[in-house]
Structure formats: structure tokens, C-alpha cells
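So you can see what is in the structure, the chains are spelled out below.
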Amino acid sequence: NIIEYVTIASTGNSIDFGDLASATTYMGGLSSSTRGVFGGGYISSQTNVISYITIASTSNTTDFGDLTVARQYTTGASNNTRGIFFGGSTSSYVNNIDYITIASTGNATDFGDTLVAADGSAGLAISTKAIFGGRRADAGYQNVIQQLTIATTADATDFGDLTGNKAFSAGACSGTEAVQNESFFAPDDIGLFAGGDRSSGGQQSTIEYIDIATTG
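Before going into details, it helps to say that this report is about the structure given with it.

Rules of the game
- Residues numbered from 1 in each chain as written.
- Predicted model: local features only at pLDDT ≥ 70, side-chain atom pairs only at ≥ 80, totals over all residues.
- Heavy atoms only, no water.
- Phe/Tyr/Trp six-rings, centres within 6.5 Å; stacked < 30°, edge-to-face > 60°.
- Helix = DSSP H or I, 4+ residues; strand = E, 2+ residues; numbered from the N terminus.
- Buried < 20%, exposed > 50% of the residue type's maximum accessible area, 1.4 Å probe, protein only.
- Pairing = 2+ DSSP bridges.
- Axes fitted to C-alpha atoms, helices over the stretch in contact; angles between N-to-C directions.
- Polar contact = N/O pair within 3.5 Å; in protein donor to acceptor, adjacent residues only side chain to side chain.
- Contact = heavy atoms within 4.5 Å.
- Core = buried A, V, L, I, M, F, W, Y, C linked by side-chain atoms within 4.5 Å.
- Salt bridge = Lys/Arg side-chain N within 4 Å of Asp/Glu carboxyl O.

Quick look at the packing of aromatic side chains
- The full count for this structure, using the stated rule, is six aromatic pairs.
- Judged by centre distance (6.0 Å) and plane angle (80°), the ring pair of Tyr5 and Phe17 falls under edge-to-face. Taken as a pair, Tyr5 in strand β1 (residues 2–5) and Phe17 in strand β2 (residues 15–19) lie far apart in primary sequence, twelve residues in all.
- With a relative accessible area of 30%, Tyr5 lands in the partly exposed category.
- Accessibility expressed as a relative area gives 7% for Phe17, which makes it buried.
- When the centroid spacing of 3.8 Å and the interplanar angle of 5° are considered together, the rings of Phe86 and Phe132 count as stacked. Separated by 46 residues along the polypeptide, Phe86 in strand β8 (residues 82–89) and Phe132 in strand β13 (residues 129–137) bring together distant segments of the chain. Note on accessibility: Phe86 and Phe132 belong to one class, buried.

As C-alpha cells, this is what we get:
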């Protein structure tokens, strides 16, 4: 149930932040500039619990609300206002997409559906768009990249493909607005997918990138 933190601008080991309410695996995570939010996962079975911390202080998690469906391996992504929990699995894969308003507490609300029921996508987001790459579904590991417009509610749409079929990558991005706030200039919103696992070929070391503003 351990929560740890680092100061991103420096290097060094992580430091204890606090504790989750229960020891939990396979959660989805997302944040605003002030709040970190964790949803779903597995305790003794799949859980629907959403909890949060205030990033600037150290403490244990506080209850936020519940997902619409208890599940594990859900994927989180967010802008500074709205958080998304994407897909997941129970005894089978689910296609649920939920959203929350990060600054408030309460149960998640249905956003729409993923293209197919699946788990294990990697998530990232800029202020307007959330992207989810790869997945594990009944048909196996797949290379599909899906997108959402965060401010609306709708089903996911196709963005393009990863370089190969895989799931459980890590997602990260450098949005133009975030980079400019640090007195740099970035011509594009770049999303990264790092590592992952393939049904054949095992763990992957590949890092690949997309231009979030376009599809492809």
C-alpha cells in the first residue's frame, strides 16, 4: 500500500509519501497540477474504489468515489480538469470509459466505450485530447491507438497503430502548452509509448512516438 514520491527536477531515490487505504495492484493513475487520483485495481478481487492525494503534501489517500464498474488494468489519462479511466478487465475484458472532475469528489460518470473490450493500454493526454496505445483483448495483443476529446463524452475513435502488437507499455507526453510554460518551444505535442509486452517476443525495449495533434 506504499505511496512514494520524487522531485522530478532532481535525481535521487524515492521518498515515502503515505499509504493507500488497502494494498492494491493494477490500478489506473492520473493527475491535475494539484491532485493525484488512483482508480480500480485488485485487492482480493477487482475493486471500483477511486482515491486521491494532494500532491504538494504527504499523507495517506482519501476516498474520492467509485468507478462505474469494478475492474483492474484500467488506464488513466487526464488534463488539468477531467480524468479518464479507460477499459480494464474483471473475469473478462470491459469496454467502459469513465470520467471524473478531478477538483471535486464523487463517483465516476460514463464517458463512452472503447473500440473493443480490452485492458493494458498505455495512456497519455494533452489539454484537449487523450490517447491510448496498444491493448490486450480476446483477439490477443493488438497495436491499435485510440483517441478521445476530453471535454466531450463519446466512444473512442481510431488514431493509428503502434509499430507492433503489444500491451502494458508506459505512456508520457510533452504538450506544447506545458513546454512553453517552462520557457521552451515545442513545435508539436509529442506522445511517447515505451516498452511493453507482446504475446510473442516477450518484453519490449522499444520507444515510439506520435504527433498527438494529428492522426497516424
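Quick look at the sheet that holds strand β6 (residues 62–66)
- Strand order in the open sheet formed by four strands is β3-β4-β5-β6, and the pairing between neighbours is antiparallel. In the strand order of this sheet, the two ends are held by β3 (28–31) and β6, each with one partner. Between one strand axis and the next, the sheet turns by 25° as a mean value, whatever way the strands run.
- As judged from the four bridges shared by β3 and strand β4 (residues 35–39), these two strands associate in the antiparallel manner. Along β4, the bridge assignment pairs Gly28 with Gly39.

Observations regarding the side chain of Gln142
- Its location among the elements puts Gln142 in strand β14 (residues 140–149).
- Judged by relative accessible area, which is 17%, Gln142 ranks as buried.
- In this structure the side chain of Gln142 is engaged in a polar contact, spanning 2.4 Å, whose partner is the side chain of Arg135.
- Excluding its chain neighbours within four sequence positions, the residues that come into contact with Gln142 are Val116, Gly134, Arg135, Ala137, Asn165 and Lys166.

Section: the nonpolar core
- Judged by nonpolar contacts, Ala77, Ile84, Phe86, Ile97, Tyr99, Phe111, Ala125, Ala130, Phe132, Leu148, Ile150 and Ala156 together constitute the single largest core of twelve residues.
- Each residue touching Ala130, except ones within four places of it in the same chain, is listed here: Ala77, Leu124, Ala125, Gln146, Gln147, Leu148 and Ile150.

So, the side chain of Asp98
- Inspection of the secondary structure puts Asp98 in strand β9 (residues 93–101).
- A distance of 2.7 Å separates the side chain of Asp98 from the side chain of Thr68, its partner in a polar contact.
- When sequence neighbours within four positions are dropped, the list of residues in contact with Asp98 reads Leu67, Thr68, Val69, Arg71, Gly83, Ile84, Phe85, Ala108, Thr109, Asp110 and Phe111.

Some thoughts on the pattern of salt bridges
- For the structure shown, the criterion picks out three salt bridges.
- The salt bridge partner of Arg71 is Asp98, with a shortest N-O separation of 3.3 Å. With Arg71 in the loop between β6 and β7 (75–78) and Asp98 in strand β9, this pair connects stretches of sequence that are 27 residues apart. Residue Arg71 shares its accessibility class with Asp98, and that shared class is buried.
- The partner of Asp119 in a salt bridge is Arg136, and the shortest N-O contact between them spans 2.9 Å.

What about the sheet that holds strand β17 (residues 190–194)?
- On the basis of which strands lie adjacent, the open sheet formed by three strands has the order β16-β17-β20 and antiparallel pairing. Sheet topology places β16 (170–174) and β20 (207–211) at the edges, where each strand pairs with a single neighbour. The average angle at which neighbouring strand axes cross in this sheet is 25°, direction not considered.
- Taken together, the five bridges between β17 and β20 define a ladder with antiparallel strand orientation. Bridge pairing in β20 places Gly191 opposite Ile210.

By themselves, these are just geometric observations and shouldn't be taken as functional.
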